[in-house]
Protein chains: 2
Amino acid sequence: MFRRLAVVGLGLLGGSLCRAVKEKDGSVSVTAFTRDTKRLSGALSEGIVDLALPVEELTPEGFELMVIASPVLSSMESLKILLDHPKLGGCLLSDVGSVKAPLVALAEANPNGARFVGCHPMAGSEKSGYEHSSGTLYRGASVIITPGKNNSETDIQTMERFWASLGADTVRCDAEEHDRLVAVTSHVPHLAACALADLAAEASAGGRLTPFIGSGFRDLTRIAMGSPDMWTDIEAANAENIVRAIDALSAKLGHIRRFIAEGRHETEGRAFLERAGSFRRSVG
Amino acid sequence: MFRRLAVVGLGLLGGSLCRAVKEKDGSVSVTAFTRDTKRLSGALSEGIVDLALPVEELTPEGFELMVIASPVLSSMESLKILLDHPKLGGCLLSDVGSVKAPLVALAEANPNGARFVGCHPMAGSEKSGYEHSSGTLYRGASVIITPGKNNSETDIQTMERFWASLGADTVRCDAEEHDRLVAVTSHVPHLAACALADLAAEASAGGRLTPFIGSGFRDLTRIAMGSPDMWTDIEAANAENIVRAIDALSAKLGHIRRFIAEGRHETEGRAFLERAGSFRRSVG
């Protein structure tokens, strides 16, 4: 679909994008802009990227599509540079970040902003970095596309076809709504996992907690091993929705505390467990 | 080690215990007492148990070891019946429940209580029921043994050798301390997973939330699909420790909320994420 592609950032998501594109069609020219030159040499020798440039030399010149794949605050800086670049030309811009409204707002406030189509692939894990990238990361993943009011239908459809060509399922969603929903399905769950790990760390004062940790705790808190760089930016960029979702979670915990403290396990307690389990089963 | 074994309850843990014993030595006689007679016929035809009896006929007569493997409140009822039974004789009693202090207290208050050695294998998953039982469930699992003040060293060591023979690693711990620790490593994490699933269910009003759910959320909330029977009893039996751990979790969430609302992501936020991730990595 694109003959000349660039990614900005070559971590798990950027690296996996390059791999997926190259595995599909090795003749596509892929350029990576990144801070970490060690990653560049690995990607070059593996043939995952054709050209590797430091992010200081960021330019849209000559590319048909540039996908920004860095932590959200860095992505906003790169997006601003690219939208203001005199050589932007016909280059389509996109990203893979977990927070969308600030980027869409930034684009909408820019005269060239129509060329940015925000995307969020629901892919990734607690593992980060190019070394964990995979050509199949996006296969079967859902990619939320958050069109801005200046995007052309053609550009949106182009991005939908691009992700579909890598095996992903796309869904369109308003950026504000996206950010509100992922605060509940991703950002606050991550913080709750960190909070639970931190509580356990405190309870573990003597260092003898390990035998008390089972697979449930490990599954639940795995995401707490995620990249602090990525998550710190997400917390900053989606602070308002995250705070609101933390308040909702705290209220829910208060409710649970009451029915346990007051001995209503068999009535309210059981109904709550059944409702939560039933929803969880419904999402596979 | 034992020639005549009985389990009370033939769910995931009881069924797995029978399988593990039979796989090790098919000549051991295994009797199951259970409520659900459908399970009994399956276990009989598979050769996992030799004799199957309804729980109404519960008796320790003729067994060397009886392991109670039902939800905690039912286990307390069975333990009381067995300790008071005129035919208790030399039968050693144990259990596999997630809450220990109430059972140890019940035994300590009983003239025959020295024969009960409480155990908690940190094994299991969101799956429950005999149909998911496995002969390898306990292999590599840690089993917490919570001796009571009347237990003989011989009986404690017998239970340690029994679990070791099934491939588990045993650790001794005071029952009160056990219950305080598992509230933090298991019971409140389970409730938090349910709370997150329930919040997502509410946010999903329109039913279009599924594309926003990634593997992080699925891992985190998997335990919310656990058996409501088992968890309702745990909440009742360990209410005090659970309430205290919910309070600690709520305080932690309040702390997180503040550093996010006040924009201290790069300082307090990053330090918190790094501490949580570092603890999580330390437990494998």
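Here is what the cut-offs are and how they apply
- Residues numbered from 1 in each chain as written.
- Chains lettered and ligands numbered in written order.
- Predicted model: local features only at pLDDT ≥ 70, side-chain atom pairs only at ≥ 80, totals over all residues.
- Least-squares fit on C-alpha atoms with pLDDT ≥ 70 in both.
- Contact = placed C-beta atoms within 7 Å.
- Helix = DSSP H or I, 4+ residues; strand = E, 2+ residues; numbered from the N terminus.
- Buried ≥ 20, exposed ≤ 12 C-beta atoms within 10 Å, placed from the backbone.
- Domains from an automatic or database assignment.

Participant: So what exactly am I meant to see when it comes to the relation of the copies chain A and chain B here?
Facilitator: One chain copy maps onto the other through a rotation about an axis and a shift parallel to that axis. Overlaying chain A with chain B gives an RMSD of 0.0 Å, the required rotation being 180° about an axis along which the chain moves by 0.0 Å. The superposition of one copy onto the other is thereby described by a two-fold rotation axis. No C-alpha of chain A approaches the rotation axis more nearly than that of L220(A), which lies at 1.9 Å. An overlap of 100% is found between the interface residues of chain A and their copies at the interface of chain B, pointing to a shared contact surface.

Participant: I keep staring at the environment of A175(A) and nothing clicks. Help me out?
Facilitator: All names here are of chain A. Note that A175 resides in helix α6 (residues 175–203). Overall, A175 belongs to the buried group, with 23 C-beta atoms counted inside 10 Å. When the C-alpha positions of A175 and E46 are compared, they lie 36 Å apart, and in sequence the two are 129 residues distant. Aside from chain neighbours lying at most four places away, what touches A175 is K100, A101, V104, G118 and T146.

Participant: Quick question: what am I supposed to make of the domain arrangement of chain A here?
Facilitator: Interface size, as often reported, equals the accessible area lost upon joining of the parts. Residues and elements named next belong to chain A. Partitioning chain A into domains gives domain 1 (4–173) and domain 2 (178–282). Between the C-alpha centres of domain 1 and domain 2 the distance comes to 31 Å. Counting residues at the interface gives 14 residues for domain 1, matched by 16 residues for domain 2. Contributing elements (two or more residues each) for the side of domain 1 that touches domain 2: α3 (72–83), α4 (101–108) and β7 (142–146).

Participant: Got a minute to help me understand the interface of chain A and chain B in this structure?
Facilitator: The partner chain B presents 73 residues to the 73 residues of chain A that form the contact. If you list the elements that add at least two residues to the side of chain A that touches chain B, you get β7, α6, α7 (215–221), α8 (228–237), α9 (239–261) and α10 (265–282) of chain A. Among the elements that take part in the side of chain A that touches chain B, α6(A) stands out by supplying 19 residues, more than any other.

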